[in-house]
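# Observations on the three-dimensional arrangement
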Amino acid sequence: MDRADGVDGGDSGDDVPHEDHGLFGPGSVTWQVMGEPVLIVGGIRALLLQALHPRTMWGTAQNSELMNPDAAWSRLARTVEFVRVRTYGTEAEVERVGRRVRNLHSRLTGLDHRTGETFPVDDPENLLWVHLGEVDSYLDVGRRAGIPLTDADADAFVDEQRRAAAVVGLDPADVPASVAEMRDYYEGMRRRIWACREAREGLWRMFSPAVPRHLLPLKLAAPGVGTLVVATLPRWARRMYGLPGLPTSDLAATLALKGLYRTTRAVPERYRYTPDARRARRLTHEHESAPASCPVAS
């Protein structure tokens with residue numbers, strides 16, 4: 001089977017105009033998953049997982065304000081906005097932010113501290129590592145929290161995210177299209193990654209971040225949130241950071257995620273979800289409620 005099947009996102013053979021829902025739209029597993037507040041944990045988990053690829057971490061640290069506590073929040077806000085547009089934006093909006101990111105990355109290089117070599121930040125290996133760090137983290141946190149996803153849904157989510165991979169410049173045909181393929185990818189990569197100094201510094205700074213005055217409550221919550229995020233990492237990833245990789249930590253993290261998800265479900269939807277997520281839920285409900293079209297007799 002052609003692994004690029006399904007990436008185009010719809011039939012182009014009919015002349016019926018369709019509303020522009022961007023990369024995903026009603027009926028996608030992405031829209032089902034990404035709006036849930038518990039996925040904030042997945043987003044932070046992704047950053048810690050991504051940092052375990054030394055070149056990815058060095059390229060980021062050497063070309064951004066990530067290591068500058070006074071500016072890191074602005075960079076994080078830009079990343080959150082990119083994910084928002086990529087998930088819910090129109091095709092034109094997605095192409096605009098994607099083009100900006102691709103152009104920026106194409107001009108950046110990093111220095112490999114092991115070899116002294118210079119490497120392009122948009123090297124496909126780096127881009128793929130970052131992409132799958134997001135996909136694995138959102139899916140793992142979502143399923144462990146209790147978002148209702150079957151194994152087929154999980155595979156569909158991984159497959160749908162190949163469209164997101166194309167936004168940053170990857171060929172979707174080169175990106176894992178199922179949970180099993182993603183698992184095999186990580187098995188192959190584990191021999192090539194470790195926690196460099198910058199990654200370890202980022203981990204510990206997460207427990208006591210420098211925050212703007214108006215976000216001071218986040219600093220108070222940081223130790224608890226950080227502990228939960230670290231516990232959600234794969235055992236091998238925790239060990240690379242020099243932390244225990246115990247099964248009991250996995251169980252505790254899963255129970256905490258389930259409790260967090262149930263707590264957010266008690267919050268009214270108008271407060272629980274962002275405007276984009278509320279719109280996606282409304283469109284999905286309309287999509288599911290629409291009567292199936294019936295063939296017209298000739």
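In case you missed it, the structure is sitting above this.
Residues numbered from 1 in each chain as written. Predicted model: local features only at pLDDT ≥ 70, side-chain atom pairs only at ≥ 80, totals over all residues. Heavy atoms only, no water.

### Let's talk about a nonpolar patch on the surface
On the surface, a cluster of nonpolar side chains totalling about 240 Å² of accessible area is made up of Leu 47, Leu 76 and Val 80. Position of Val 80 relative to the elements: it lies in helix H4 (residues 72–88). (Patch = residues over 30% accessible without salt bridge, like charges linked within 9 Å, V, L, I, M, F, W, Y side chains within 5 Å. Areas by Shrake-Rupley, 256 points an atom, 1.4 Å probe, with all protein chains shown as cover. Salt bridge = Lys/Arg side-chain N within 4 Å of Asp/Glu carboxyl O. Helix = DSSP H or I, 4+ residues; strand = E, 2+ residues; numbered from the N terminus.)

### Observations concerning helix H14 (residues 275–289)
If you check H14, its first and last C-alpha atoms are 21 Å apart, about what 15 residues at 1.5 Å a residue would give, namely 21 Å. Listed in full, the buried residues belonging to H14 are Ala 277, Ala 280, Leu 283 and Thr 284. Seen end-on, H14 carries its buried residues on one side only, within an arc spanning 125 degrees. Facing away from the buried side of H14, by more than 90 degrees, are the exposed residues Pro 275 and His 285. (Expected span 1.5 Å × (residues − 1). Buried < 20%, exposed > 50% of the residue type's maximum accessible area, 1.4 Å probe, protein only. Arc of directions from axis to C-beta.)

### Examining the packing of aromatic side chains
Using the criterion set out here, one finds seven aromatic pairs in the structure. Consider the rings of Trp 129 and Tyr 185, whose centres lie 6.2 Å apart with planes at 45 degrees: the pair is tilted. With Trp 129 in helix H6 (residues 124–145) and Tyr 185 in helix H8 (residues 179–189), this residue pair connects regions lying 56 residues apart in the sequence. Like Trp 129, the residue Tyr 185 is buried in the burial classification. Members of the aromatic cluster, joined through ring pairs, are Trp 129, Tyr 185, Tyr 186 and Trp 236. (Phe/Tyr/Trp six-rings, centres within 6.5 Å; stacked < 30°, edge-to-face > 60°.)

### Digging into the pattern of salt bridges
This model, assessed by the stated rule, comprises 23 salt bridges. The residue Asp 112 makes a salt bridge to Arg 55 at a minimum N-O spacing of 2.9 Å. Of this pair, Asp 112 sits in the loop between strand E1 (109–111) and strand E2 (118–120) while Arg 55 is found in helix H3 (residues 54–63), placing the two residues 57 residues apart along the sequence. Relative accessible area serves as the criterion here: at 1%, Asp 112 is assigned to the buried category. For Glu 134, the salt bridge is made with Arg 86, and the minimal N-O distance between the two is 2.7 Å. Here Glu 134 is found in helix H6, whereas its partner Arg 86 is found in helix H4, with 48 residues between them in sequence. Considered together, Glu 134 and Arg 86 belong to a single accessibility category, that of buried residues.

### Considerations on the nonpolar core
Most often, soluble globular proteins keep nonpolar side chains buried together rather than apart. Residues Leu 52, Trp 236 and Tyr 241 are the most contacted members of the largest nonpolar core, which totals 70 residues. For this core, the element with the highest residue contribution is H6, accounting for nine residues. Leaving out residues up to four positions away in the same chain, Tyr 241 has contacts with Leu 48, Ala 51, Leu 52, Ala 195, Ala 199, Arg 200, Leu 203 and Leu 233. (Core = buried A, V, L, I, M, F, W, Y, C linked by side-chain atoms within 4.5 Å. Contact = heavy atoms within 4.5 Å.)

### Re the environment of Glu 117
Take Glu 117: it is sitting in the loop between E1 and E2. Classification of Glu 117 by relative accessible area gives partly exposed; the value is 42%. Glu 117 has contacts with Arg 55, Gly 110, Leu 111 and Asp 112, leaving out every residue within four places of it along the chain.

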